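# Notes for the structure review
The residues making up each chain are set out below.
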2 protein chains.
Amino acid sequence: MYPKPFKKLIDHFASLPSVGPKMAERLVIHLFKQNPEKITDFAQTLTELKTGLRYCQKCFNLSENEICSICADPKRDRTVICVVEEPLDIFAIEKTRQFSGLYHALGGVLENLSAGSSLKITELQNRIKDGGISEVIIAMNPTTEGDATALYINRILKDYPVKVTRLARGLSTGGDIEYADELTLSSALNNRIKLN
Amino acid sequence: MYPKPFKKLIDHFASLPSVGPKMAERLVIHLFKQNPEKITDFAQTLTELKTGLRYCQKCFNLSENEICSICADPKRDRTVICVVEEPLDIFAIEKTRQFSGLYHALGGVLENLSAGSSLKITELQNRIKDGGISEVIIAMNPTTEGDATALYINRILKDYPVKVTRLARGLSTGGDIEYADELTLSSALNNRIKLN
């Protein structure tokens, strides 16, 4: 009933998370009423999401240049590396403004030990071999695979004179003890902090 | 903190209705994980929203061709024309599957009588002059401007041998009498229907 370009765009929006068909329709109708320049810019930006970004040669963060803005920033603490699964995790940690060191994006987790070669683990070892690193924070997702990867990296890093830490487990701020899962609540209990 | 193409795309999504900055971020992260072909197609479709559509030469509906699919459909009733403000109203009416006639999109409402020339009113008169039309349904939005435009068209059409009707006013299905505004409730009372 809608013309084809309309229908197709509705389908694209409806394929996004939390966007139902009704909302997709409203979004397309809204867009249709915008001026053509805005829509062209939207489309252009969408294309650049893939073409305008590459991986940083040092830490494998997403970057517009060969070296990402974090690695290139002279104000960052170059003695600490925070190891994450994906560049998107870097954005999440950066938002906390609690970390001023460097990152290393592995590009995923270990599925099995033999598949470890596609992860940027050798590159991490090389950065540590180059010296100057005193602490490696392992910030894998709190999943089975994340935990296995953390253990694997920890084992590899045993040979180097660096402190290896991992993110704390516990209750989510704003969460509800009643609804916390058993593992989270166990972590919160076992890692309890002295208050006075 | 996000690379520029990322940030810019988040801003584009966040400018859409019912999409907050948090949701825009989630949408962009989701898109980033899709394969490049899908994103390119999304961008392409977005561009076509403007470039792939024009106005039907007969009824000024949105169309991929010179004549829209409704005007070109031999199964439509060519004796009834439903006059709407915008092509988007046509899509809404088509969804009801209650109307099988033709349409005429005015391209807006009268802001003042002298500005009437930008609306496709002369084109409507020409279609009626061509003959074969027995009823014109005026389906303007139920607003002050919509009502004024409806009255204006009704006055113009007095000179032609056509029945002129307008959409009923009353309660919305699923609505609540308690929350209906006075004008709507008045219309619902005044236009009450005999049940037996």
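What counts, and where the lines are drawn
- Residues numbered from 1 in each chain as written.
- Chains lettered and ligands numbered in written order.
- Predicted model: local features only at pLDDT ≥ 70, side-chain atom pairs only at ≥ 80, totals over all residues.
- Heavy atoms only, no water.
- Helix = DSSP H or I, 4+ residues; strand = E, 2+ residues; numbered from the N terminus.
- Buried < 20%, exposed > 50% of the residue type's maximum accessible area, 1.4 Å probe, protein only.
- Contact = heavy atoms within 4.5 Å.
- Areas by Shrake-Rupley, 256 points an atom, 1.4 Å probe, with all protein chains shown as cover.
- Salt bridge = Lys/Arg side-chain N within 4 Å of Asp/Glu carboxyl O.
- Least-squares fit on C-alpha atoms with pLDDT ≥ 70 in both.
- 1 Å grid on protein atoms, 1.4 Å probe; cavity = no way out; pocket = protein on both sides within 12 Å on 5 of 7 lines; lining within 4 Å.
- Points joined across faces, edges and corners; volume = space filled by probe spheres on them.
- Nonpolar A, V, L, I, M, F, W, Y, C, P; charged D, E, K, R; others polar.
- Buried area = accessible area lost by both parts, 1.4 Å probe.
- Polar contact = N/O pair within 3.5 Å; in protein donor to acceptor, adjacent residues only side chain to side chain.
- Pairing = 2+ DSSP bridges.
- Axes fitted to C-alpha atoms, helices over the stretch in contact; angles between N-to-C directions.
- Left-handed = near helix turned anticlockwise from the far one by under 90°.
- Core = buried A, V, L, I, M, F, W, Y, C linked by side-chain atoms within 4.5 Å.
- Expected span 1.5 Å × (residues − 1).
- Parallel < 35°, antiparallel > 145°, perpendicular 65-115°, else oblique.

## Description of the overall build of chain A
- If you tally the helices and strands in chain A, you get seven helices and six strands.
- Across chain A, helices and strands are ordered from the amino to the carboxyl terminus as α-α-α-β-β-β-α-β-α-β-α-β-α.
- The buried share among the 196 residues of chain A stands at 43%.
- For chain A, contacts bridging at least 24 residues in sequence account for 45% of all contacts bridging at least 6.
- When the accessible surface of chain A is split by element, carbon and sulfur atoms take 52% of a total near 11500 Å².

## Thoughts on the pattern of salt bridges
All names here are of chain A.
- Scanning the entire structure with this criterion turns up eleven salt bridges over all chains.
- Residue Asp147 pairs with Arg169 through a salt bridge whose shortest N-O separation is 2.5 Å. Residue Asp147 is found in helix α6 (residues 144-157), and its partner Arg169 is found in the loop between β6 (163-166) and α7 (182-190); the two are separated by 22 residues along the sequence.
- Relative accessible area serves as the criterion here: at 26%, Arg169 is assigned to the partly exposed category.

## Observations concerning the relation of the copies chain B and chain A
- Of the transformation superimposing chain B on chain A, the axial component is 0.0 Å and the angular component is 180 degrees, with the fit at an RMSD of 0.1 Å. Interpreted geometrically, this transformation is the action of a two-fold axis. Relative to the rotation axis, the closest C-alpha in chain B is found at Ala43(B), a distance of 2.2 Å.
- When the interface residues of chain B are mapped onto chain A, 100% of them are again interface residues, pointing to one common binding face.

## Topic: unusual backbone geometry
All names here are of chain A.
- A positive phi angle is found at Arg97, which is not glycine, with a value near 55 degrees.
- With respect to the helices, strands and loops of the structure, Arg97 is situated in the loop between α4 (87-96) and β4 (102-105).
- Relative accessible area serves as the criterion here: at 73%, Arg97 is assigned to the exposed category.

## Quick notes on the layout of surface pockets
- In this structure, the largest pocket occupies an estimated 890 Å³ of space.
- Met140(B), Pro142(B), Leu167(B), Ala168(B) and Arg169(B) are, among the 32 residues lining the largest pocket, the residues nearest its centre.
- Mapped onto the lining of the largest pocket, the elements with two or more residues apiece are α4 (87-96), β5 (135-139), α6 (144-157), β6 (163-166) and α7 (182-190) of chain B.
- For the lining of the largest pocket, the leading source of residues is α6(B), giving five residues.
- Residue classes in the lining of the largest pocket are distributed as 16 nonpolar, eleven polar and five charged.
- As for the second largest pocket, its lining consists of 16 residues, of which Ala139(A), Met140(A), Pro142(A), Leu167(A) and Ala168(A) are closest to the centre.
- Broken down by secondary-structure element, the contributors of at least two residues to the lining of the second largest pocket are α4, β5 (135-139) and α6 of chain A.
- Split by residue class, the lining of the second largest pocket holds nine nonpolar, three polar and four charged.

## Structural notes on the interface of chain B and chain A
- Between chain B and chain A, the residue contacts involve 47 residues of the former and 47 residues of the latter.
- Roughly 5100 Å² of surface becomes buried between chain B and chain A when both sides are summed, with 76% attributable to carbon and sulfur atoms.
- Run the count over chain B and chain A and you get five salt bridges.
- One salt bridge connects Glu64(A) with Lys4(B), and the closest N-O pair in it is separated by 4.0 Å.
- On the surface where chain B and chain A come into contact, there are 18 residue pairs in polar contact (both at pLDDT 80 or more).
- Residue assignment for the side of chain B that touches chain A shows that the elements contributing at least two residues are α1 (4-14), α2 (21-33), α3 (36-51) and α4 of chain B.

## As for the sheet that holds strand β4 (residues 102-105) of chain B
All names here are of chain B.
- The strand order β4-β3-β5-β6 describes an open sheet built from four strands, whose pairing is parallel. Strand pairing shows two members of the sheet lacking a second neighbour, β4 and β6, which therefore form its edges. Neighbour to neighbour, the strand axes of the sheet diverge by 25 degrees on average, direction disregarded.
- Packing against the sheet, α4 makes contact with β3 (80-84), β4 and β5, and its axis sits at approximately 155 degrees to β4.

## With respect to the packing of helix α5 (residues 121-129) of chain B against α6(B)
All names here are of chain B.
- Relative to each other, α5 and α6 sit at 35 degrees, their axes nearing to 11 Å. Judged by the twist between their axes, the crossing of α5 over α6 is right-handed. Across the interface between the two elements, Ile121, Leu124, Gln125 and Ile128 of α5 pack against Tyr152, Ile153, Ile156 and Leu157 of α6.
- The class makeup of the residues in the contact of α5 with α6 is seven nonpolar, one polar and no charged.

## What to know about the nonpolar core
- By size, the foremost hydrophobic cluster in this structure holds 46 residues, and its most contacted members are Phe6(A), Phe13(A), Phe6(B), Phe13(B), Leu31(B) and Leu49(B).
- Look past the residues within four positions of Leu49(B) in its chain and what remains in contact with it is Phe6(A), Leu9(A), Val28(A), Leu31(A), Phe32(A) and Ile39(A).

## Details of α2(B)
- When the terminal C-alpha atoms of α2(B) are compared, their 19 Å separation across 13 residues agrees well with the 18 Å that a helix rising 1.5 Å per residue should span.
- Inspection of α2(B) places Met23(B), Ala24(B), Glu25(B), Leu27(B), Val28(B), Ile29(B), Leu31(B) and Phe32(B) among the buried residues, and these make up the whole buried set.
- Packed against the buried residues of α2(B) are α2 (21-33), α3 (36-51), β2 (62-63) and α4 of chain A together with α1 and α3 of chain B.

## Side note on the packing of helix α1 (residues 4-14) of chain A against α2(A)
Residue and element names in this part refer to chain A.
- For the pair α1 and α2, the least separation of the axes is 8 Å and the interaxial angle reads 125 degrees. Taken together, α1 and α2 sit at an angle that is classed as oblique. For α1 against α2, the interelement crossing comes out right-handed. Touching Phe6, Leu9, Ile10, Phe13 and Ala14 of α1 are Pro21, Ala24, Glu25, Leu27, Val28, Ile29, Leu31 and Phe32, all from α2.
- Residues that form the contact of α1 with α2 fall into these classes: twelve nonpolar, no polar and one charged.

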